[in-house]
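Below are the chains, spelled out letter by letter.
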Amino acid sequence: MAITDITPKMRSNEEIIGRVDVDDPDAILSVTTLDENDVIHTVEDAADAIFTWGYDKGERAKLDKLYEKAKTSQWNATTDLPWELDVDVEKLVRDQNAAMNPGATDMVPPFDVSDTALASWGDKEYLELGIEMQNHLLSQFMHGEQGALLCTAKIVETVPWIDAKYYAATQVVDEARHVEVFARYLDEKLTGHYPINAHLRMLLDDIINDSRWDMTYLGMQIMVEGLALAAFGMLHQTTSEPLLKQLLRYVMSDEARHVAFGVLSLEEYYGELGAAEIRERQEFAFEAAVRMRDRFLQQEVWQRYDIEVAPLIPIIRQDPGRILFQQLLFSKIVPNCKKLGLLDAGAAEGEKGWLRERFEEMDVIQFEDLADTGDEYEELDAVAADRAAAN
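All values reported here derive from a predicted model rather than from experimental measurement. (Residues numbered from 1 in each chain as written. Predicted model: local features only at pLDDT ≥ 70, side-chain atom pairs only at ≥ 80, totals over all residues. Heavy atoms only, no water.)

On to the overall build of the protein chain, then. On a plain count of helices and strands, the protein chain comes out with 17 helices and zero strands. For 391 residues, the compact-globule estimate of 2.2 N^0.38 gives 21 Å, and the protein chain sits close to it at 21 Å. By principal-axis analysis of the C-alpha atoms, the protein chain measures approximately 65 × 55 × 40 Å. Looking at the protein chain as a whole, 56% of its 391 residues are labelled buried. Here the analysis covers contacts within the protein chain between residues at least 6 apart in sequence; of these, 84% occur between residues at least 24 apart. Across the protein chain, 37 positive and 74 negative side-chain charges occur, with their mean positions spaced 3 Å apart. (Helix = DSSP H or I, 4+ residues; strand = E, 2+ residues; numbered from the N terminus. Rg over C-alpha atoms; globule rule 2.2 N^0.38 Å. Buried < 20%, exposed > 50% of the residue type's maximum accessible area, 1.4 Å probe, protein only. Contact = heavy atoms within 4.5 Å. Lys, Arg positive; Asp, Glu negative; His and termini not counted. Charge placed at Lys NZ, Arg CZ, Asp CG, Glu CD.)

Structure representation (structure tokens):
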């Protein structure tokens, strides 16, 4: 059945994400991390491990090309980054603030906080907050990369195609390297870790818990990795800190392949699915998008300050830098969902698709015509570019 033939009714926001209003601050903040001091977190994985006795390499030529690219673009986290450089954390945060808020002369935000807990804050306090926000942001990158490590290992087990298993095995190595570099940067160059954000943890738990291999792809390769690729790109553009800039540049090289892996694999598979199955995947893409957006309220930072977050949310949402950042986070997700046919699947001719309308509500649909990652991953291979320049 073609994916344009979907007629069943989609579930409501409340059924998908547990609340009617996507922007309900109280509902968002009611999801909290309860076990931040626990080192081990266990998630049930109900998936079957699948062997394939078909060993013909290259049956899926695009995946085979991706696999060959991955083999030649590996890098060593210990020796290929300038760890000897000192990091001026205050300068890092000030430079990023200036890049995201052109014209700013200090860290004080350009909106009224006189009736809030921040009323007495000046440049010093906002600088400290910026440092904490940076720690939180990179901590979530680190946790997300471990989620990718587990999910890609699961793909090796569950995907039925040998070319996909070959490629996924290279991504397992990539993800281990990414966890390593973010953990080291946090430990050696910044001022500490944050626990995993509750919304991110819920999403990772859902991805791992689902037994269907393509849902692992959709949740991780398209949604989580797609957002990460965009976030790394934004941070790479706005930071002047040379170690972080090079770290992000190399991580982005890997991430582009990872997202392309999802696009190339699911583009084939979704053509075989029926109406009800496609509907589930649209709903899951929407749920994942909301969960990932919610995490950027960074509520764990405010909890450390013992400041109630809810009254601040309307003010935080005025921050032009934050608005731009949150929108651009979806600059990879939206065109990739379009490439997979998810934006308008099920819509009658001349009508908008269900997922398109959800992305319009989130104010991110404007990215739909950007290049999908299945076409651009080679352009982002900074590792290959550096090696070519050195020869």
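Okay, the nonpolar core next. Core analysis: the biggest nonpolar cluster contains 125 residues, and Phe182, Tyr185 and Phe359 have the highest contact counts within it. With 16 residues, the top contributor of residues to this core is helix 9 (residues 242–270). Ignoring anything within four residues of it in the chain, the contact list for phenylalanine 182 reads Leu138, Phe141, Met142, Glu145, Phe232, Leu247, Leu248 and Val251. (Core = buried A, V, L, I, M, F, W, Y, C linked by side-chain atoms within 4.5 Å.)

Turning our eyes to something else, we now look at unusual backbone geometry. For glutamine 298, which is not a glycine, the phi torsion comes out positive at approximately 55°. Tracing the sequence through the fold places glutamine 298 in the loop between helix 10 (275–295) and helix 11 (299–304). Positive phi outside glycine occurs at aspartate 363, with the angle close to 60°. In this fold, aspartate 363 is placed in the loop between helix 15 (354–361) and helix 16 (373–376).

A few words now on the packing of helix 5 (residues 123–158) against helix 6 (residues 162–188). Helix-helix packing is characterised by the crossing angle of the two axes and by the distance between the axes. Direction vectors running N to C along helix 5 and helix 6 enclose 160°, while the axes themselves pass 8 Å from each other. When the axes of helix 5 and helix 6 are compared, the pair comes out roughly antiparallel. For helix 5 against helix 6, the interelement crossing comes out left-handed. Along the lines of polarity and charge, the residues of the contact of helix 5 with helix 6 split into 17 nonpolar, seven polar and four charged. (Axes fitted to C-alpha atoms, helices over the stretch in contact; angles between N-to-C directions. Parallel < 35°, antiparallel > 145°, perpendicular 65-115°, else oblique. Left-handed = near helix turned anticlockwise from the far one by under 90°. Nonpolar A, V, L, I, M, F, W, Y, C, P; charged D, E, K, R; others polar.)

Per the counting criterion, the structure on display carries 15 aromatic pairs. Ring geometry for tryptophan 121 versus tyrosine 305: centroids 5.5 Å apart, planes at 50°, classification tilted. Of this pair, tryptophan 121 sits in the loop between helix 4 (89–100) and helix 5 while tyrosine 305 sits in the loop between helix 11 and helix 12 (313–316), and the two are 184 residues apart along the sequence. Residue classification places tryptophan 121 among the buried residues on the basis of a relative accessible area of 16%. The aromatic ring of tryptophan 161 is capped on one face by arginine 60, whose charged end is 4.0 Å from the ring centroid. Directly above the aromatic system of tyrosine 194 lies the positively charged group of arginine 304, at a separation of 3.7 Å from the ring centroid. (Phe/Tyr/Trp six-rings, centres within 6.5 Å; stacked < 30°, edge-to-face > 60°. Lys NZ or Arg CZ within 6 Å of the ring centre and 35° of its normal.)

On to a nonpolar patch on the surface. A cluster of nonpolar side chains, contributed by Phe51, Trp53 and Tyr55, occupies part of the molecular surface with about 480 Å² of accessible area. Considering the arrangement of structural elements, one finds phenylalanine 51 in the loop between helix 2 (25–29) and helix 3 (61–72). (Patch = residues over 30% accessible without salt bridge, like charges linked within 9 Å, V, L, I, M, F, W, Y side chains within 5 Å. Areas by Shrake-Rupley, 256 points an atom, 1.4 Å probe, with all protein chains shown as cover. Salt bridge = Lys/Arg side-chain N within 4 Å of Asp/Glu carboxyl O.)

Moving on: the environment of valine 156. As for its position among the elements, valine 156 is in helix 5. Linking valine 156 and valine 181, residues 25 residues apart in sequence, is a C-alpha distance of 23 Å. With residues near it in sequence (within four places) discarded, valine 156 still touches Lys165, Ala168, Ala169 and Val172.

A separate point is helix 9. If you check helix 9, its first and last C-alpha atoms are 41 Å apart, about what 29 residues at 1.5 Å a residue would give, namely 42 Å. Buried residues dominate helix 9, accounting for 23 of its 29 residues. The N-cap of helix 9, judged by a side-chain oxygen 2.8 Å from the amide nitrogen of leucine 243 a few residues on, is glutamate 241. (Expected span 1.5 Å × (residues − 1). Polar contact = N/O pair within 3.5 Å; in protein donor to acceptor, adjacent residues only side chain to side chain.)

Turning our eyes to something else, we now look at helix 13 (residues 320–328). Among the residues of helix 13, those classed as buried are Gly321, Arg322, Phe325 and Gln327. Contact partners of the buried residues in helix 13: helix 4, helix 5, helix 8 (213–238) and helix 12.

A few words now on the confidence of the model for the protein chain. The predicted model of the protein chain averages 91 in pLDDT, with 97% of residues at 70 or higher. Looking over the protein chain, one finds the lowest element-wise mean pLDDT in helix 16, namely 74, and the highest in helix 6, namely 98. Here residues 1–7 is modelled with pLDDT under 50, and outside its nearest four sequence neighbours on either side it reaches 19 contacts, counting other chains as well. (pLDDT = per-residue confidence, 0-100.)

Our focus in this paragraph is the side chain of threonine 239. Mapped onto the elements, threonine 239 comes out in the loop between helix 8 and helix 9. The exposure class of threonine 239 is buried, given its relative accessible area of 3%. Of note is the side chain of threonine 239, whose polar atom sits 3.2 Å from the backbone nitrogen of glutamate 241. Setting aside its immediate chain neighbours within four residues, threonine 239 contacts Leu92, Gln96, Leu244 and Lys245.

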